[in-house]
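Structure assessment
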Amino acid sequence: MNKKYYITTPIYYPSGNWHLGHCYTTVSCDALARFKRLQGYDVYYLTGTDEHGQKIEERAKAKGMQPKEFVDSLVEDIKKLWELLDINYTKFIRTTDADHEKAVGKIFSKLYEKGDIYKSSYEGWYCTPCESYWTQSQLVDGKCPDCGRDVQITKEDSYFFRLSKYQDRLIGLLTKTDFLQPKSRVNEMVNNFLKPGLTDLSVSRTSFKWGVPVPFDPDHVIYVWIDALSNYITALGYTSENDEDFKTYWPADLHMMAKEIIRFHSIIWPAVLMALDVPLPKKVFGHGWLLFGGDKMSKSKGNVVDPFILVDRYGLDAVRYYLLSALPYGMDGTYTNETFINKINTDLCNTLGNLVSRTIAMTEQYFDSVIPAPVKKTEQDDFIVQAIKDIYGKVNQMVEDLEINKAVEEIIKLTEYANKYIDETAPWKLAKEPENKDRLSTVMYNLCECIRTTAVVLQPFLTRTPEKIFEQLGITKDNLKAFESAGTFPEDLIGSNVHKTEILFPRLNLQKELDELSKL
Ligand code: MSP
């Protein structure tokens, strides 16, 4: 039996404004899922949409549409986006799926029967856009502390979840285990939310209808966050007769998201699972934000961040590469067209692309397109040979640590070293000296193995380029593409027929691209 790996993105609110920020999380999870698949794990990758709530109900109404009709078209769009980005998810869950709705009702009833949900009434300051109640002391200048908008005093009957009961276990979970990462987020959660004392959480609403009704009290709909968080188990069939996937894949190995929703995932979600007696996920990781010129995308600033435009113009792998390297561990990063273009030029065109095209061209020229066997090794090879041998281990460790940006940068670094190796060994000089043919063979073999290994380890991150590199190297056999083969200097590579194909990443003229992007 293969080891399993269950990874999830947040389920996104259908907003009609799918942008690079959403792509960040989904592409990162896709890379992690692919990585684990290539390691032989049985991977389940879940993503989807969070479609209930007052905001959606109101937006649909403003458009004269039924909520379901309104979300349907937005869901179509996000699915197209994931297809465009080669997102290889196992399941796309919608909170409007009938089986999800049914399961959420059952979860609510189960918590009620256990006494972890009880009915009471609620009075407080309510922020409609955030669908959250606040106490007077939580308000900032009389406004919602989360979004800064107006709040209204509201009273309603509500069901409450006994969050307070789980306070001590939650403190233990956050401070004594590696559940929440990066570690830097733990203090924030503990000091701001857990230490001041958890209050029970209102988990139903009567002020709108668009949601899952409380099964035994249908005037209430189940609060969006309970509905949304449950997706991680309902997707696997929790509470249904067909719960094979739940048995196989739960607990999740990783819930990935940006920092603003860590609180829900590291406090409310584990408490709900504790109440349900369901094992906890192994890890919750909150990455930073991709910022757009401060924080908002704006055409006037030339920050065109429509992923469809970028992929159309620069190719999928340029966009995936940019995203995967965009955020340092746990921190924010800023998107600008300029950093995007520069990154493609520097890393993909000048470094990776250049190495591949030089290696293939020289193999064609000096060895009649046939990869030679290494014959004469010298100290000059030591560094690059070691770097090729080490790359998989390094990348694997970085991926384990969720330092995805470092992992892709490490691969590019290897190609940088190889370009340096070309400059140092100067194959064009060796080629002029017949007595150095043996030396030239070794240099070319090492370079071919370097680009092969690069393609092998790039596979989870870039979905098109590795295959193009294999093709140029004349590699068709799967064993030469497998993770286990990275850096092994296999004999099978010798004798392969190389051939040049299209340029991997054409060089971009920065000014011209900035002008074009600002027009689009
Ligand atoms: N529906 C909730 C999540 C429920 S999960 C049980 C929600 N949806 S959302 O549409 O607002 O998506 C938020 C998530 O989208 C972030 O946590 C992050 O994963 C991703 N991102 C959206 N914009 C982003 C950036 N600008 N930068 C990085 N990630 C971004 O919250």
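Anything mentioned here points back to the structure above.
Since the structure is predicted, the reported quantities are computational estimates derived from the model, not experimental observations. Here the residue numbers are simple positions, counted from 1 along each chain's written sequence. Reporting in this predicted model follows two pLDDT cut-offs: at least 70 for local features of residues, and 80 or more for side-chain atom pairs to be given and counted; totals over whole chains, interfaces and linings ignore these cut-offs and use all residues. Computation of side-chain values covers all heavy atoms of the structure but excludes hydrogens and water.

Let us look at the overall build of the protein chain. The number of helices and strands found in the protein chain is 19 helices and 15 strands. Whereas a compact globule of 520 residues would reach a radius of gyration of roughly 24 Å, the protein chain reaches 27 Å, a difference of no more than 12%. Expressed as lengths along the three principal axes of its C-alpha atoms, the size of the protein chain is roughly 90 × 55 × 40 Å. Burial analysis of the protein chain (520 residues in total) assigns 57% to the buried set. Any two residues having at least one pair of non-hydrogen atoms within 4.5 Å are treated as being in contact. Long-range contacts, defined as pairs at least 24 residues apart, comprise 79% of the intrachain contacts of the protein chain with a sequence gap of at least 6. Only runs of H or I of at least four residues qualify as helices and only runs of E of at least two qualify as strands under DSSP, and these elements are numbered from the N terminus. Taken over C-alpha atoms, the radius of gyration is set against a globule rule of 2.2 Å times the number of residues to the power 0.38. We call a residue buried when its accessible area falls under 20% of the maximum for its residue type, exposed when it is over 50%, and partly exposed in between, using a 1.4 Å probe and counting protein chains only.

Since the α-helix advances by 3.6 residues per turn, residues separated by three or four positions end up pointing in the same direction. For helix α6 (residues 184–194), the complete set of buried residues consists of Arg-185, Val-186, Met-189, Val-190 and Leu-194. With its buried residues spanning 130° around the axis, α6 presents them on a single face. Turned more than 90 degrees off the buried face of α6, the exposed positions are Ser-184 and Asn-187. Buried residues belonging to α6 abut α5 (167–176), β7 (180–181), α10 (262–276) and β13 (284–287). What the arc measures is the spread of directions leading from the helix axis to the C-beta atoms.

The next subject is the site of the ligand. Residue proximity to a molecule or strand is established when one non-hydrogen atom of the residue lies within 4 Å of it. Lining the immediate surroundings of the ligand are 24 residues, of which Ile-11, Thr-25, Asp-50, Glu-260 and Leu-290 lie closest. The side chain of Asp-50 places a nitrogen or oxygen atom 2.7 Å from a nitrogen atom of the ligand. Exposure was quantified through the Shrake-Rupley algorithm and a 1.4 Å probe, taking into account, for residues, occlusion by the shown protein chains and nothing else. Out of a free accessible area of 670 Å², the ligand has 91% covered by protein chains. Residues belonging to the shell around the ligand are distributed by class as follows: 14 nonpolar, 8 polar and 2 charged. N or O atoms within 3.5 Å of each other form a polar contact, as long as, within protein, one can give a hydrogen and the other can take it, and as long as residues adjacent in sequence are counted only when both atoms are side-chain atoms. Throughout this entry, Asp, Glu, Lys and Arg are counted as charged residues, while Ala, Val, Leu, Ile, Met, Phe, Trp, Tyr, Cys and Pro are counted as nonpolar. The remaining residues, Gly among them, count as polar.

A few words on the sheet that holds strand β10 (residues 213–214). Any two strands between which DSSP finds at least two bridges are classified as paired. Read from one edge to the other, the open sheet built from 3 strands follows the order β9-β11-β10, with strand pairing classed as antiparallel. In the strand order of this sheet, the two ends are held by β9 (204–205) and β10, each with one partner.

A carboxyl oxygen of Asp or Glu within 4 Å of a side-chain nitrogen of Lys or Arg is what we treat as a salt bridge. Counting across every chain of the model gives 29 salt bridges. Here Asp-72 and Lys-68 are joined by a salt bridge, their closest N and O atoms 3.0 Å apart. Of this pair, Asp-72 and Lys-68 both sit in helix α3 (residues 67–84), separated by 4 residues, roughly a single helical turn. For Lys-68, a relative accessible area of 34% translates into the label partly exposed. Each member of the salt-bridge network shares a partner with another, and the members are Glu-51, Lys-68, Asp-72 and Arg-94.

Attention shifts here to the pairing of β13. Residues Val-284 and Gly-286 line one face of β13 and the alternating positions Phe-285 and His-287 line the opposite face, and both faces are buried. Both β7 and β13 contribute to a ladder of 2 bridges, which runs parallel. Within the sheet, the bridge partner assigned to Leu-180 lies in β13 and is Val-284. Inspection of the sheet shows strand β12 (residues 254–258) paired to β13 by 4 bridges, in the parallel sense. Among the inter-strand pairings, Met-257 is bridged to a residue of β13, identified as Gly-286. When the strands point away from the viewer, a crossover counts as right-handed if the path from the first strand over the helix to the second runs clockwise. Crossover β12 to β13 through α10 is right-handed.

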